[in-house]
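Secondary and tertiary structure notes
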Amino acid sequence: MIKVNKIFSLFLALCLSVMLVGKMHAAQMPSNITPQQLEQFKKLSPAQQKSLAQSMGINFSALQSQMSTNQNNNTEQEATLQQYYPRGTQFDEFGNPIFDNQFSPDTEEDEEKGPQPFGYDVFANAPLTFAPTIDIAVPESYLIGPGDVLTVQVFGKENNNYELEINREGQIIIPELGAYSVMGMSFLEVKKYLASQINNKILGVDTIITLSDLRSIRVFVLGEAFKPGPYVMNSLSSITHAIFAAGGINDIGSLRNIQLKRAGKLITTLDLYDLLIKGDSSNDLTLKSGDVVFINPVGDRITIEGEVTRPAIYELSDHDTFKSALSMAGGLLPSAYPASTIVERFNEENQRVVQSVDLTDKNSLNGTVKSGDVIRVMKTSDLYEDSITVIGAVARPGRYQWKENQKISDLIPNIHAYLEDDADLTYSLVIREKDIGRNIEVLQFSLFDALSDIESKENLELQPRDKIVVFSNIETIASNIDSLDDFALTKTELFDLEKENAQEQYESRKFWEHYSDEDSSTSVKVLDEVGQAQETLKQTYQSIEEFAGDTNKELEIRELGFFSRKRLLAPIIEQLKRQAASGQPIQLVEVDGAVKYPGLYPLSKNGRVSDLIKASGGLKESAYLMKSEITRNIIVDDKADKTSINFKLSAALNGSEHDNHLLESKDRINVHHIPSWQENHNVELKGEFKFPGKYTIKRGETLGQLIERVGGFTEFAYIEASLFTREKLKQLELKNLVKVSESLRMEIASKNLSQREGSANFDYKQTSQLLADLTNIKPIGRLVVDLPLITSNADVDVTLEDGDVLYIPSKQNSINVVGQVQVASSHIYKPGLTAFDYVDLSGGNKKQADEDRIYVIKANGAVEIPNDSNWFESNDNSLKPGDTVVVPLDSYYMEDLSLWQAATQIVYQAAVAVAAISGL
């Protein structure tokens, strides 16, 4: 039998007796057992614990449950003790951290501040508590000392479990076996020693010895710590553990001069840069009780920014050089240009100066850096050396390596695999920098000729930094992209850039619109520019909806004409304009007339007439080959003048030296059309014609001649109600509609703001309806013609134009009445009735009708207004079938809106025309 130490047994008996005096029920767990009493009780063997509990009348199961709960709580507490939070973290009343953006170390404000001191954020964690953390592995070299707790498990012939604490004398007391001195031994030595002693005294058992609890030590963290003071830590803690426990180092503390002092003597100096940059923890020594970790103030500092891996503010050690400084910053980025590094430093007069340092030079790298230096490693240029850029309607645009004696056919060896389907094979350019000022010259070539015969002169030899521009056959509006290099992007990137530039242009115009004076001419110009920018933005986004609406379909940039002449030539033309100067004529020429793409083009090197014709897309079918003209600027007697050079176009295209002139700056070629040439112009006849349909007209043909040519009208034709429309008039009508609508909207808004409260003269609802009607009107383009007069008198005939349409309705037998009448309606035509009679048949005028301004819209679109009250009785002005009587609103009821009559007349006339067309 194992006997318990008498003093220890008496202590436990006294504790348990106190419990019994508290009159606790035997089946219940005593609530007044302190944690200290439980710790003492836990040191007994299980058999001793059960025997003692039963002898004192305590429920042993309940006591074990409380011991387990306390152990779990301690484990959770230890886990909680290991949590650290960033500096500035606030906690609620329950001890939970409160995270807020203003305390986050990764806010945008920190990014805007520029480089921050290096390494401080690693230790900038405020501890939740200063209690020691014991949930760590114990190395076998750990030295055992007073306060450590060992667990000794014996199993085999006898089974025992002991938790034994090292006493102040460095001894461990094993029940029945005695005391053993382990002071100064390592953990490995203690395990071997105790296992040997137990096996010698108890035969037939195996022994396992573990370290269940570490002793606590007390150290001081002083100096520039975030929270200096004494800290209780476990015996495995090192210098960095103490720094973490103190919340890190404050802003003026040093990371490179941290001293460990023991009994007043300096043990070591820790440089945290060795740990943070090199991973060297050899100087991070284990602490002992009473040690002092002293953090000195920060020393000299430098700032490294720019193209380095880790831009930051670094603390210097003795004799740091540019090489070691770059090493601290993680080295240079691939985009760095170290040969032009800028160093800002203070001179002897304490004034800031700028120095240039070549960090590619070994002597410069070994130069000493000084306190306060700002080392700025510059970025290399975005330009490419020894490269060729391929731009435009090619399958794979971008930059390619330049090689000696490289030609066009080397980069684009095959048409089908390297070019888009819409690529122009007759006109391409090479943009070449001709001097160090980056002035350019333009070389023109034909891809078809270059690839058909690689020995031809069209297969140009390339030079470094050349740009090959391949155009598309699809034309579009000018681009929002300013740089030619941007066209070397992929299709999706190019479209995104186009959209972004359009948005920026629109927002910029809107900004100046806000600051412009409403009454100034500048305001009018700004408003026009805003409208243009808004229209460009609208077109760009319409392109997205039209061509990118299906997200599963690849965006067809070529459908948008991104590589058209207008787009690709715009930045080239701008560059040629910028580099023109006195003695250096602008290298631009112009072509107009019967060519596919007239306009302004770069003057290529040794460019001739045939080259410019190719640049413009070639000739149209109507081109006159026997004669063309060059207009040229010349200087005569120190005065500018112009001269004309006539040449035979067909000979020039065939290569005749006499006619294929060399072009000069600002030459303008005019390619004539064949005399009397015109494309097919069509006119459509609808309604009561013997042979309605579309007809091609000859130049100068009149309406009467066409009617006679097609055989005239049917017997049911009502020629007095003819409706003649023209495309040109539609455009004018649309502009007029927009102008009237905008003016009416402004006048309505003005009247609405200025009207007196309770005014009954202004009907806002009715005016809004009129405005809506104007907005919804589609222009008809009606031209009023007197067809009976035309068919009988050739002198008043109408010359036809392309797109004209003539509608002839069937005979009608009705009169329409609209406007301010009781019931707008149509009535059977009765000879002899006046307009007033038809108004009466419609219930008469409303109260707000303007009886003095009643007018009639004739069936052919003409408007007749009376001079006196008896005009309706005249034979010439009498009503006829198909006419419309309009009773307008008295402007008094609209507070004299000046545009009311014009707007209502437009609406009524459009309604009559639409009704006539719909009736066919």
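Please read all numbers here as calculations on a predicted model, not as lab measurements.

Here we take up the overall build of the protein chain. Summing up its helical and strand segments, the protein chain has 25 helices and 39 strands in all. Here the protein chain holds 920 residues, and the buried ones make up 40% of them. If you sum the accessible surface of the protein chain, you get close to 51200 Å²; carbon and sulfur atoms cover 49% of it.

To continue, consider the pattern of salt bridges. What the rule picks out here adds up to 24 salt bridges. Its salt-bridge partner being Glu590, residue Arg668 comes within 3.9 Å of it at the nearest N-O pair. Placement of Arg668 in strand E29 (residues 668-673) and of Glu590 in strand E25 (residues 588-593) is noted, with a sequence separation of 78 residues between them. Under the relative-accessibility criterion, Arg668 is labelled partly exposed at 28%. Judged by relative accessible area, which is 31%, Glu590 ranks as partly exposed. The residue Glu684 makes a salt bridge to Lys686 at a minimum N-O spacing of 3.9 Å. The exposure class of Lys686 is partly exposed, given its relative accessible area of 30%. Bridged by salt links that share partners, the residues Glu305, Glu344, Arg352 and Arg376 form one connected network.

In space, the 5 strands of this open sheet follow the order E11-E10-E14-E12-E13, with mixed pairing throughout. Looking along the sheet, the strands with just one partner apiece sit at the ends: strand E11 (229-234) and strand E13 (265-270). The mean angle between the axes of side-by-side strands here comes to 30°, regardless of whether they run parallel or antiparallel. Both strand E10 (residues 216-223) and strand E14 (residues 292-297) contribute to a ladder of 4 bridges, which runs parallel. Within the sheet, the bridge partner assigned to Val221 lies in E14 and is Val293.

A separate point is unusual backbone geometry. One non-glycine residue, Asn350, lies in positive phi territory at about 60°. Judged by its relative accessible area of 58%, Asn350 falls in the exposed class. Despite not being glycine, Lys666 shows a phi value in the positive range, around 65°. Among the secondary structure elements, Lys666 is positioned in the loop between helix H19 (649-653) and E29.

One can find Val232 in strand E11. In this structure, the C-alpha to C-alpha distance between Val232 and Ala245, residues 13 residues apart in sequence, is 9.3 Å.

The next point concerns the pairing of strand E26 (residues 599-602). Across 4 bridges, E25 lies against E26 in antiparallel orientation. Its bridge partner lying in E26, Val589 is registered against Tyr601. A loop of 5 residues connects E25 with E26, the two strands running antiparallel in sequence.

Quick look at the side chain of Asp659 now. Examined against the element boundaries, Asp659 turns out to sit in the loop between H19 and E29. Buried Asp659, no salt bridge; nearest opposite-charge side chain is Lys648, N-O distance 7.3 Å. Here the side chain of Asp659 touches Lys648 through a polar contact of 2.9 Å, landing on its backbone nitrogen. Every residue in contact with Asp659, bar those within four places of it in the chain, is listed here: Val609, Phe647, Lys648, Ala651 and Ala652.

Leu429, Ile468, Ile572, Ile669 and Val671 are the most contacted members of the largest nonpolar core, which totals 53 residues. Residue contacts for Leu429: discarding those within four places in its chain leaves Val442, Leu443, Gln444, Phe445, Lys467, Ile468, Val469, Phe471, Leu569, Ile572 and Pro602. Formed by 43 residues, the second largest nonpolar core is a distinct cluster that contains Met233, Leu260, Val293 and Leu365.

What counts and what doesn't
- Residues numbered from 1 in each chain as written.
- Predicted model: local features only at pLDDT ≥ 70, side-chain atom pairs only at ≥ 80, totals over all residues.
- Heavy atoms only, no water.
- Helix = DSSP H or I, 4+ residues; strand = E, 2+ residues; numbered from the N terminus.
- Buried < 20%, exposed > 50% of the residue type's maximum accessible area, 1.4 Å probe, protein only.
- Areas by Shrake-Rupley, 256 points an atom, 1.4 Å probe, with all protein chains shown as cover.
- Salt bridge = Lys/Arg side-chain N within 4 Å of Asp/Glu carboxyl O.
- Pairing = 2+ DSSP bridges.
- Axes fitted to C-alpha atoms, helices over the stretch in contact; angles between N-to-C directions.
- Lys, Arg positive; Asp, Glu negative; His and termini not counted.
- Polar contact = N/O pair within 3.5 Å; in protein donor to acceptor, adjacent residues only side chain to side chain.
- Contact = heavy atoms within 4.5 Å.
- Core = buried A, V, L, I, M, F, W, Y, C linked by side-chain atoms within 4.5 Å.

That is the geometry; function is a separate question.
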